[in-house]
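Structure at a glance
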Amino acid sequence: MSTPHPDSGPAVLGLIGNTPLIEVTRFDTGPCRLFLKLESQNPGGSIKDRVGLWMIEAAERDGRLQPGGTIVEATAGNTGLGLALVARAKGYRIVLVVPDKMSTEKILHLKALGADVRITRSDVGKGHPEYYQDYAARVAAGIPGAFFADQFNNPANPAAHRQSTGPEIWAQTGHAVDAIVCGVGSSGTLTGLTQFFREASPSTEFVLADPVGSILCDYVHSGSFGEAGSWVVEGIGEDFVPPIADLSAVRHAYSISDGESLDAARELLRAEGILGGSSTGTLLAAALRYCREQTTPKRVVSFVCDTGTRYLSKIYNDNWMIDQGLLQRPIYGDLRDIVARRFEDGSVISVSPRDNLQTAFQRMRYAEVSQLPVIDDGRIVGLIDESDLLLRVEANAASFRSEVAAAMSTTLGTLRPDAGLAALNAVLERGLVAIIADDERFYGLVTRFDFLNHLRKKLA
């Protein structure tokens, strides 16, 4: 076996780019053919691996990044992961400032790569001290010799797509692509592809996929924009026009709601077996709209921007989708509508009175809850919470083998579905969890948090 050169990086960096392009076959694409470039197949799981490599190597070449230096960036996740992957391979320290709407999976991935992650607010705009880009700039200024990657202003960002993504699409389509559907975060993808196709195929149209709440769709349509809103989709959409953005080739722009985006992502998995992230859903929804509006056949390309494994706790989690009001359930018009985890759906984590306390503890930990209903033959017979467990096992750990029936509470705040909000509030004010049940069946629990979330969704 040969000895590797001391300056060579891990072979994984050679896997960045050259991602597959596949055709969608199980969606209605009108007269068009729709192809998806699987950027999720990059080693770091997203299209941003390209950007991370290009920005770091450009900074190395021009001396802005010295051996053993520190990289700082503001990121909604994937650029940070691309940078962290390359930084780890090349031996740099990296500090990343991320908004608090970022998925848990992304944050854990960043930390596993050794990144120093700073979490800041996602509900404030540019100019606010807690805005993630302004925050990152301050962090970079406070670290001697730090390289602020600054993807929103860095020309190496679009260069990655001009020099790699664009030529790959052109070759993979046999020099025949009529439209490309992109989202815009930093605008590196759209700008770089525009630069490439302006020379390779000036007739290729660009289509913008933008989350509802972002200002970019309005800007494309009218040249102006108002105040930005908020959106759940990660990685695309902005409250300003990025400095490197070239929107001149955009001929169509679609504003896609969170609900439509996440439904499209989930359907992509069910129909095509492709596990993509939230921004992929936005791009797919916009691409399908564009394709179905056409009257002549066209070859259309879009992207699976990143892997959906980063969103298993969010868009592929029915409970999270329900909490966000993005997955519809039957509406009863009574207290059952406030139950976050309905027993009839099989989403209630429970124990039986004959289970032991060890089982109850493990299920609480798995579900990240502090209490469980005790169900016997479809009816609720008690509640057990962490204080009940502690009371039993504190003096003798062997009591974990005791049955739940010996430790559960049978003083229950039970309400019929038609009891009303005043009765619910009275139970919650006594510090109890409200049990929604009638003579026939148990429907679920309502905690204070569930009630608050119900009120929040009504306001929204």
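Located above this text is the structure these notes cover.
Residues numbered from 1 in each chain as written. Predicted model: local features only at pLDDT ≥ 70, side-chain atom pairs only at ≥ 80, totals over all residues. Heavy atoms only, no water.

Below, the discussion takes up the nonpolar core. Formed by 62 residues in total, the largest nonpolar core has its most connected members in I180, F197, F206 and F303. The leading source of residues in this core is helix α9 (residues 278–293), at 8 residues. Residues contacting I180, with those up to four places away along its chain left out, are L193, F197, T204, E205, F206, V207, V301 and F303. M55, I56, I94 and M102 belong to the second-largest nonpolar core, a separate cluster that totals 29 residues. (Core = buried A, V, L, I, M, F, W, Y, C linked by side-chain atoms within 4.5 Å. Buried < 20%, exposed > 50% of the residue type's maximum accessible area, 1.4 Å probe, protein only. Helix = DSSP H or I, 4+ residues; strand = E, 2+ residues; numbered from the N terminus. Contact = heavy atoms within 4.5 Å.)

As a packed pair, helix α5 (residues 156–172) and helix α6 (residues 188–200) sit with axes 7 Å apart at the nearest point and diverge in direction by 55 degrees. Judged by the inter-axis angle, α5 sits oblique to α6. In the packing of α5 onto α6, the handedness of the crossing is right-handed. Judged by residue contacts, N157, P158, H161, R162, T165, G166, P167, I169 and W170 of α5 engage G188, T189, T191, G192, L193, Q195, F196, F197 and A200 from α6. Taken together, the residues of the contact of α5 with α6 break down into 8 nonpolar, 9 polar and 1 charged. (Axes fitted to C-alpha atoms, helices over the stretch in contact; angles between N-to-C directions. Parallel < 35°, antiparallel > 145°, perpendicular 65-115°, else oblique. Left-handed = near helix turned anticlockwise from the far one by under 90°. Nonpolar A, V, L, I, M, F, W, Y, C, P; charged D, E, K, R; others polar.)

Where helix α2 (residues 78–90) meets helix α3 (residues 104–112), the closest approach of the two axes is 10 Å, and the angle between their N-to-C directions is 15 degrees. Considering the angle they form, α2 stands roughly parallel to α3. Note that α2 runs across α3; the crossing there is left-handed. Every residue of α3 that contacts α2 at N78, G80, L81 and A84 is listed here: K106, H109 and L110. Grouping the constituent residues of the contact of α2 with α3 by class yields 3 nonpolar, 3 polar and 1 charged.

So, about the sheet that holds strand β15 (residues 442–446). The strand order β13-β14-β15 describes an open sheet built from 3 strands, whose pairing is mixed. Edge strands, defined here as strands with exactly one partner in the open sheet, are β13 (413–415) and β15. Taken pair by pair, the neighbouring strands of this sheet meet at an average axis angle of 25 degrees, ignoring direction. Inspection of the sheet shows strand β14 (residues 434–437) paired to β15 by 4 bridges, in the antiparallel sense. Bridge assignment links A437 to a residue of β15, and that residue is F442. Contacting β13, β14 and β15, helix α13 (residues 421–429) runs over the sheet at an angle of about 170 degrees to β13. (Pairing = 2+ DSSP bridges.)

Here 4 strands make up an open sheet; going across it, the order is β5-β4-β3-β6 and the pairing parallel. Both outer strands of the open sheet, β5 (116–120) and β6 (147–148), are each paired with one neighbouring strand and no more. Summarising the sheet, strand β3 (residues 70–74) and strand β4 (residues 93–99) pair through 5 bridges and their orientation is parallel. Within β4, the position partnered with I71 by the bridge is I94.

Counted by the stated rule, this structure contains 24 salt bridges. A salt bridge links R266 to D318; the shortest N-O distance between them is 2.6 Å. Taken together, the residues R266 in helix α8 (residues 258–272) and D318 in helix α10 (residues 318–323) connect sequence positions 52 residues apart. Taken together, the salt bridges that share partners define one network made up of K37, E39, R50 and E168. (Salt bridge = Lys/Arg side-chain N within 4 Å of Asp/Glu carboxyl O.)

In short, the description is geometric, and any link to function would need to be established separately.
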